[in-house]
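Architecture at a glance
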Amino acid sequence: EGEVAIVKAAAKVGVPYMLPTLSSYTLEEMLAARTPGQDLWAQLYVNPDRSRSKEYVAKLEAAGVKALFITVDAPQLGRREKDMRNKYTQQGSDVQSDDEEGGEVDRSQGAARAISSYIDPGLVWEDIAWFR
């Protein structure tokens, strides 16, 4: 049950859960698993197409998510040879759905490289004001 089970477990023990941008479940599935009044936070990898990030943040706000953590730890990925050999082929999270359906996701170098195309390597401190 992946992230859905974690949402439920966090509610059970009374701790906030940080919704990931990239997950094995859609945002809607994770939100549906929460209990009334449960505190949820969200982690965001900023997409180079800012309209996609804006749409995602709007969904989070509408759902009552309490905090947004903008992740900046992966602007450029290293050479992950094991990942390249595995060539993960499953559908990604709902953040990637348009590209997945259009066949625009290159998995020839592994999942990490495919996912990195959804992370803006040009994000700078001045961009944070855009999220307020």
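Use the structure listed above.
The following paragraphs examine the structure supplied in this document. (Residues numbered from 1 in each chain as written. Predicted model: local features only at pLDDT ≥ 70, side-chain atom pairs only at ≥ 80, totals over all residues. Heavy atoms only, no water.)

Attention now goes to the pairing of strand E2 (residues 40–45). By the criterion of burial, E2 is predominantly enclosed, with five of the six residues buried. A crossover connection joins strand E1 (residues 17–19) to the parallel E2 through helix H2 (residues 27–32); in handedness this β-α-β unit is right-handed. Summarising the sheet, E2 and strand E3 (residues 67–71) pair through five bridges and their orientation is parallel. Each residue of the ladder has a partner; that of Trp41, found in E3, is Ala67. At this point the chain moves from E2, through helix H3 (residues 50–62), to the parallel E3, and the crossover so formed is right-handed. (Buried < 20%, exposed > 50% of the residue type's maximum accessible area, 1.4 Å probe, protein only. Helix = DSSP H or I, 4+ residues; strand = E, 2+ residues; numbered from the N terminus. Right-handed = clockwise from strand over helix to strand, strands pointing away. Pairing = 2+ DSSP bridges.)

Once that is clear, we can look at the nonpolar core. The biggest cluster of nonpolar side chains holds 20 residues, and the ones touching the most others in it are Leu19, Leu31, Leu60 and Val65. Those elements that provide at least two residues to this core are helix H1 (2–13), E1, H2, E2 and H3. For Val65, the residues in contact, after removing those within four places along its chain, are Leu19, Leu31, Leu40, Trp41, Ala42 and Leu60. (Core = buried A, V, L, I, M, F, W, Y, C linked by side-chain atoms within 4.5 Å. Contact = heavy atoms within 4.5 Å.)

When you line up the elements, Leu27 lands in helix H2. Leu27 gets classed as buried once you look at its relative accessible area, which sits at 1%. Each C-alpha atom of the pair Leu27 and Tyr56 lies 8.9 Å from the other, and the pair is 29 residues apart in sequence.

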